[in-house]
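# Report on the structure
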There are 4 protein chains.
Amino acid sequence: MEFASDNTAGADEAILAALAEANDGRVKSYGYDPWTKRAEEALGRVFEREVSAFLVLTGTAANALALSSIVPSYGAVMCHDEAHLHTDECGAPELFSGGAKLMPLAGMGGKISAARVARTLDNLARGEHESKPAAVSITQLTELGTAYSLAEIGALGDVCKARNLKLHMDGSRFANALVHMGCTAADMTWRAGVDVMSFGATKNGALALEAVIFFDPSLAEDFRYRRKRAGQLLSKSRYLGAQMLAYLKDGLWLRNGERSNAMARLLAEKLAEINGVRLPLATQGNQVFAIMPKRLHDAMLKGGAHYYAWPARASSVEGIGEEECLARFVTSYRTTKEEVAALTRLGLRLAGN
Amino acid sequence: MEFASDNTAGADEAILAALAEANDGRVKSYGYDPWTKRAEEALGRVFEREVSAFLVLTGTAANALALSSIVPSYGAVMCHDEAHLHTDECGAPELFSGGAKLMPLAGMGGKISAARVARTLDNLARGEHESKPAAVSITQLTELGTAYSLAEIGALGDVCKARNLKLHMDGSRFANALVHMGCTAADMTWRAGVDVMSFGATKNGALALEAVIFFDPSLAEDFRYRRKRAGQLLSKSRYLGAQMLAYLKDGLWLRNGERSNAMARLLAEKLAEINGVRLPLATQGNQVFAIMPKRLHDAMLKGGAHYYAWPARASSVEGIGEEECLARFVTSYRTTKEEVAALTRLGLRLAGN
Amino acid sequence: MEFASDNTAGADEAILAALAEANDGRVKSYGYDPWTKRAEEALGRVFEREVSAFLVLTGTAANALALSSIVPSYGAVMCHDEAHLHTDECGAPELFSGGAKLMPLAGMGGKISAARVARTLDNLARGEHESKPAAVSITQLTELGTAYSLAEIGALGDVCKARNLKLHMDGSRFANALVHMGCTAADMTWRAGVDVMSFGATKNGALALEAVIFFDPSLAEDFRYRRKRAGQLLSKSRYLGAQMLAYLKDGLWLRNGERSNAMARLLAEKLAEINGVRLPLATQGNQVFAIMPKRLHDAMLKGGAHYYAWPARASSVEGIGEEECLARFVTSYRTTKEEVAALTRLGLRLAGN
Amino acid sequence: MEFASDNTAGADEAILAALAEANDGRVKSYGYDPWTKRAEEALGRVFEREVSAFLVLTGTAANALALSSIVPSYGAVMCHDEAHLHTDECGAPELFSGGAKLMPLAGMGGKISAARVARTLDNLARGEHESKPAAVSITQLTELGTAYSLAEIGALGDVCKARNLKLHMDGSRFANALVHMGCTAADMTWRAGVDVMSFGATKNGALALEAVIFFDPSLAEDFRYRRKRAGQLLSKSRYLGAQMLAYLKDGLWLRNGERSNAMARLLAEKLAEINGVRLPLATQGNQVFAIMPKRLHDAMLKGGAHYYAWPARASSVEGIGEEECLARFVTSYRTTKEEVAALTRLGLRLAGN
């Protein structure tokens, strides 16, 4: 009954096999091997345009490096107050940007709105006494399991363009959002105004693989320096390239995304049947959030369920009672129907359904 | 005829197999999986003491993070003027330390001496107008293929202790140095005064694996924060733990080190027979440096040999003539006798032996 | 009718005269002149103990440097969400600390409570995924013109001690708070648990002078390096020492503080008589906050009054109506009764009293 | 007999008087007062063009902030290995640039040559593995008391332009160099290819005043943020503006520069007459360097002379014997003929002339 994270599953067999296939022979190191080259090209095909793509090792590095390319050290990045890069990356964006400031904004369901961004900018009127707003970062799929609509992303893109800010997308669960939306990767990113993104693969089947993708190549000019200096340029880079090729091959990434989404939908349906449990947010990817009695929560953990209560700092969910908590359940591409059934059976029993 | 780097070879089959073995099941992420735990313990056994060991993804990150733990932002690190962390890491130590200064020292054969360090410290007498000396970093095996003797390391350790500096060792080719020295890992590090080291595995058979090892646990207190913030905490950390366990198992790392060293010794012997070629440095690991006529060098590259001329900034080698260059040949654990033979045959022929 | 800031007034004549007196002769530079030495000692007498005091040039530098001494680059500082160092220093704390994070807390009247700090710490439970809480910073006098009581400071000091955090006080209006409190400088700082403070003089009569004062000398060990590296070590340091000596001499600083406080009390009394104006906060220093109709506010600015509306981001004041705004009036040691009378006359007339 | 530094003298009476004159009335703070405005315009007249000028408080801040505007965090700055910003600013350029690297070059007489810069760039051929060269910084007057000729500056400007680097001039003794050269300020800077400079006034008669001057306004776009964030934006900025206006008024700065230069020339002439003393460098400003017997040096210090031996790290002077040292004598605008006479009398007596 493992629903704590999509990081607790191992790697997809196809990706593991790709490492073995790439293992033979001597090839150039530090990003100049043939696998990496082909992976960069494959990402271009995913986004239906030439992109500047850079493979890195972790999502924290991808986010922090991407932001460092679009925000000066005296700049500020607007993001949701529950954004992973604000709450879970131990100040990595501050490190890689040379001390830029994150400016957290409230917003229901893990989303910030174009209107909120515009209003915040209007209230910053004291020039150099405040950090200079330089970028907006959104997470798609959001940390609250919801997906920004194309219209929402487009509105943020428009505000950014109008105010001379850059728009970053943290796509650590990009595949989950994309299959939910049913649109193209291009529509969900650069066509809506996204300038640079973190393209995640680790949570969805890779061992250790993320990509920073620039849709405006001029922003990527010196990114090779940034990646190297951050300790994110792998000497035996073939292993990153090979992972990415396998991840994208024949739509493996989309199939894996759909698999975990399907399990989340099933889980959401079942959780809603448990006495005292209600779902405050739409399940639009592979995360399910449930408001439940604290007593039930404690009992479920004791009963062997593995998942986390979501921190109280949330601006995303209202109406959680004193005796209640917000629980987060994450499915992965390896989650089975049996696991979902076992969890919900436990819940139903403990809640006295 | 690949002698450009030990990074151009793939991974050891045993290490690749370990990834597959670790792939099943759900385990805790972010460093709390069983493989990582066991790998940390295994490193303690290698060094015959309790250590604080942290697995990271690249050598640049290992060095920069290790230094950031022992050098304040206003501090200085003394190192050889050809030290990898000074010349090849694009300012990573400066980034992770918050702007500390590297203070390069000259020294024959890639080594800095305790006497040189002491003299440099004596000449720094203007207090806060200069960066505060806080650490010395040495590379073992050095960038010039030589190995510090235990007495040399011990003398540096003594100076550091006496002057209140910390001693760091960049061990990206630690195994090669160790098998050459024929001593224990403990003797070559903490018993000689090393406080923290970068323990390299990638060049010697892993896919992507280094460890930062603190022999004084008090220095490691907050290292978890540093690693996370640097984007070096792998979510699916089992794959780092599994690599390390396989690397250390039954002495694989030492066998691989000895294999590449043996090929380097063979290569050195053969290169010395080529007309116009001389070896200015002892071959004490898996790198061979040769002074050779530029014409021969050019001809060899054209003839299909793959290796690099070493930059002219070197303070390590004297007596290179106007028409000569310094060439570096690196062997790996996968280098074969046939490759060595092919290279030297080419050289002999071109030099008109 | 200048009530925009206490920075718009010039310097006290006595302090200006001190510059001239210090002008003769050759003396050591960079902090080793006799004036600086004596100023550091004089600050010790103010606080009734040996202190480590460092003169610097601006309040932003004082705050940022003080914090950089007690917060690691991966650390976090809790402060009020309207704290000057969070909202008005353009990321200086982030710069000097190497990227630490400010963690703004809400609190009425510009104050954060010990309970709020404790609760926030309790909610941070994810170890290295979050920035490490390392310090609390409070402003005395607060940005909202209120003063922390000794009990409130003491409670914060206790939480900090219990949780292994340091307590910083931004005292850019320290004199105003101190004369309001009627206690000793020692009581308001180290006896209540403050570890380091920014001691402001510029707003209260100096030209350019602040001091960073450590009550725990072990925290100050390397501060000389930090000050120099920040460009805050004045070569002709005598001019800082001379300013401070004159500032402290015969209680000039306390007299100036009382003078501006008295004008603020008078202003508060008069403003409260204006139709539609109410004072949501106690006037405990040299700042008066008034809720007033936007129409009146606009009319007063047009009428020649010079002061600012306080930004809407405030968590400090509740109950501001749609058609109202929060106005801040600051008095300085040079503010006269006539100026107060002129301003309030204008207000009364425009409000139709 | 004070020849240790030009920082040991006080301020020019005219500049002190200007502070008093600026003291009355309430004016806008943070750089928007009339004195600052007029000072910025006056600097434009000095350089015969529109400039973007920013007043700051110390030379270290001026240099570090100027460089931070033209060098990315992953960049490198080439400078002389005795450049003040490399050896005497405790890593301030590294701090303000976010960790950029200084790349010290050797050069006789405190100067680096265009040829040396070009050669160094040619040798940097490994892309992102090395910090990206982004700027060259020269000091005029150099730390060794020599002045770059217009041809030398122009050649450096040409190399910078051709290689896409920016050229910075540290002008902490700009006036001394300028009066020696007898050219215009425009000729010595932007007409020769200088992009940004630190314009020093403190050493030459101000209390605490430097300016960062951009000749290419596009480089200055966000400099206000950088200055504020560095704690270098003075709230009562009128005192910086007033100093600068007085400094420039009626050529005070040039007269002061010439006065100290004249004393240096006199001193050089006299020192050369002392037995065993020789001057290895041309005296082209207000610093005199003398090679002298260590015994004489020690005796002179004991005899009451105050000046410093210059550190041995120098690449600027050759041929210093084992029993000799290099001594630096600095004159200021307040140095008198009597002081020069007293010093040389002492030297002559002790040397047994």
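Before any of the text, the structure's been laid out above.
The notes below deal with the structure included here.

Definitions and cut-offs
Residues numbered from 1 in each chain as written. Chains lettered and ligands numbered in written order. Predicted model: local features only at pLDDT ≥ 70, side-chain atom pairs only at ≥ 80, totals over all residues. Heavy atoms only, no water. Pairing = 2+ DSSP bridges. Helix = DSSP H or I, 4+ residues; strand = E, 2+ residues; numbered from the N terminus. Contact = heavy atoms within 4.5 Å. Axes fitted to C-alpha atoms, helices over the stretch in contact; angles between N-to-C directions. Disulfide = S-S within 2.5 Å. Buried < 20%, exposed > 50% of the residue type's maximum accessible area, 1.4 Å probe, protein only. Least-squares fit on C-alpha atoms with pLDDT ≥ 70 in both. Buried area = accessible area lost by both parts, 1.4 Å probe. Salt bridge = Lys/Arg side-chain N within 4 Å of Asp/Glu carboxyl O. Polar contact = N/O pair within 3.5 Å; in protein donor to acceptor, adjacent residues only side chain to side chain. Nonpolar A, V, L, I, M, F, W, Y, C, P; charged D, E, K, R; others polar. Parallel < 35°, antiparallel > 145°, perpendicular 65-115°, else oblique. Phe/Tyr/Trp six-rings, centres within 6.5 Å; stacked < 30°, edge-to-face > 60°. Lys NZ or Arg CZ within 6 Å of the ring centre and 35° of its normal.

Bringing the sheet that holds strand S10 (residues 324–330) of chain D into the picture now. Backbone-to-backbone hydrogen bonds pair the strands of a sheet. The strands run either parallel or antiparallel. All names here are of chain D. Spatially, three strands are ordered S8-S10-S9 in an open sheet, and the strand pairing comes out antiparallel. The sheet is open, and its two borders are formed by strand S8 (287–293) and strand S9 (308–309), each paired with just one other strand. Taken together, the seven bridges between S8 and S10 define a ladder with antiparallel strand orientation. Each residue of the ladder has a partner; that of Phe-289, found in S10, is Arg-328. Along the sheet, helix H12 (residues 294–302) makes contact with S8, S9 and S10, crossing S8 at roughly 120°.

Quick look at unusual backbone geometry now. Here Gln140(A) and Leu141(A) are connected by a cis peptide whose omega angle stands at -10°. As for its position among the elements, Leu141(A) is in the loop between strand S4 (132–139) and helix H7 (150–163). Here Tyr30(B), not a glycine, exhibits a phi torsion of approximately 55°, which is positive. Assignment of secondary structure puts Tyr30(B) in the loop between helix H1 (13–21) and helix H2 (34–46). One non-glycine residue, Glu48(C), lies in positive phi territory at about 55°.

The next thing to look at is the state of the cysteines. Per the counting criterion, the structure on display carries zero disulfides over all chains. Cys90(A) forms no disulfide, and the closest cysteine sulfur to it belongs to Cys79(A), at a distance of 15 Å. Here Cys90(A) falls in the buried class, since its relative accessible area comes to 2%. Of the cysteine sulfurs around Cys160(D), a residue in no disulfide, the closest is that of Cys79(D), at 12 Å. The buried category is assigned to Cys160(D), whose relative accessible area is 2%.

Each copy superposes on the other: chain C lies on chain D with an RMSD of 0.0 Å after a rotation of 180° and an axial shift of 0.0 Å. A rotation of that kind, with that shift, is consistent with a two-fold axis. With an isologous cut-off of 70% or more, the 100% of interface residues of chain C that recur at the interface of chain D puts this contact in the isologous class.

If you look at the interface, chain D gives 18 residues, while chain B gives 18 residues. For the pairing of chain D and chain B, the buried interface totals around 1600 Å² over both sides, and the portion due to carbon and sulfur atoms is 40%. Of all residues in chain D, Cys90(D), Lys101(D) and Arg126(D) bury the most surface against chain B, accounting for 34% of the area lost on that side. Connecting chain D to chain B are four salt bridges. Viewed at the interface, chain B and chain D are joined by 12 residue pairs in polar contact (both at pLDDT 80 or more). Contributing elements (two or more residues each) for the side of chain D that touches chain B: helix H4 (84–87) and strand S3 (101–105) of chain D. In terms of residue class, the side of chain D that touches chain B is made up of four nonpolar, six polar and eight charged.

Another point: the side chain of Thr60(B). Structurally, Thr60(B) can be placed in helix H3 (residues 59–70). Its relative accessible area of 7% is what places Thr60(B) among the buried residues. If we skip the residues at most four places from it in the chain, Thr60(B) touches Lys228(A), Gly231(A), Glu89(B) and Ala92(B).

Let's shift gears to the interface of chain C and chain D. Listed by partner, the interface residues are 48 residues for chain C and 49 residues for chain D. For the pair chain C and chain D, the two sides together bury roughly 4100 Å², of which 54% comes from carbon and sulfur. Three residues, Arg26(C), Arg229(C) and Lys236(C), lead the burial of chain C against chain D; their summed loss comes to 20% of the area buried on that side. Glu339(D) is paired through a salt bridge with Arg26(C); the nearest N and O atoms lie 2.9 Å apart. Counting across the interface, chain C meets chain D through 36 residue pairs in polar contact (both at pLDDT 80 or more). Listing elements by their share of the side of chain C that touches chain D, those giving two or more residues are helix H1 (13–21), helix H3 (59–68), helix H5 (92–97), helix H10 (223–229) and helix H11 (238–248) of chain C. Broken down by element, the residue count for the side of chain C that touches chain D peaks at four residues, all from H1(C).

Moving on: the relation of the copies chain D and chain B. Its rotation angle being 180°, the transformation that places chain D on chain B also includes 0.0 Å of axial translation and leaves an RMSD of 0.0 Å. Of the interface residues in chain D, 100% have counterparts in chain B that sit at the interface too, so the contact is made through matching surfaces.

All names here are of chain D. Put simply, helix H8 (residues 174–181) and helix H11 (residues 252–271) touch, their axes get as near as 8 Å, and they point 80° apart. Between H8 and H11, the angle falls in the class roughly perpendicular. Every residue of H11 that contacts H8 at Phe-174, Ala-175, Asn-176, Leu-178, Val-179 and His-180 is listed here: Trp-253, Leu-254, Gly-257, Glu-258, Ser-260 and Asn-261. For the contact of H8 with H11, the class distribution of residues is six nonpolar, five polar and one charged.

Moving on, we come to H11(C). One turn of the α-helix equals 3.6 residues, which is why residues spaced by three or four share an orientation. Judged by how many residues are buried, H11(C) sits mostly within the fold: 11 of 11 residues are covered. Turning to H11(C), its buried residues number three or more, namely Arg238(C), Tyr239(C), Leu240(C), Gly241(C), Ala242(C), Gln243(C), Met244(C), Leu245(C), Ala246(C), Tyr247(C) and Leu248(C).

In the structure shown here, the tally under the stated rule is 56 salt bridges over all chains. Between Lys132(D) and Asp222(A) there is a salt bridge; the shortest N-O distance is 2.9 Å. Of this pair, Lys132(D) sits in strand S4 (residues 132–139) while Asp222(A) sits in the loop between strand S7 (210–214) and helix H10 (223–229), on two different chains. Exposure remark for Asp222(A): the relative accessible area of 14% places this residue in the buried category. When the shortest N-O distance is used, the salt bridge between Glu128(B) and Arg224(C) registers 3.8 Å. Here Glu128(B), found in the loop between helix H6 (114–123) and strand S4 (132–139), pairs with Arg224(C), found in helix H10, and the two come from separate chains. We classify Arg224(C) as partly exposed; its relative accessible area is 25%. Residues joined in a network through salt bridges with shared partners are Glu48(A), Asp187(A) and Arg191(A).

We describe a pair of aromatic rings using the distance from one ring centre to the other and the angle between the two ring planes. One pass over the structure, following the stated rule, counts 58 aromatic pairs over all chains. Taken together, Phe47(A), Phe174(A), Phe199(A), Phe215(A), Tyr247(A) and Trp253(A) form an aromatic cluster joined through their ring pairs. One cation-aromatic arrangement involves Arg49(B) over Trp190(B); the distance from NZ or CZ to the ring centre is 4.6 Å.

Glancing now at the environment of Asn7(A). Mapping Asn7(A) onto the fold places it in the segment before helix H1 (13–21). C-alpha separation for the pair Asn7(A) and Thr202(A), spaced 195 residues apart in sequence, amounts to 7.5 Å. With near-sequence residues (within four places) excluded, Asn7(A) lies in contact with Lys203(A), Ser29(B), Tyr30(B), Ser235(B) and Lys236(B). Of the polar contacts made by the side chain of Asn7(A), one reaches the side chain of Ser235(B); its length is 3.3 Å.

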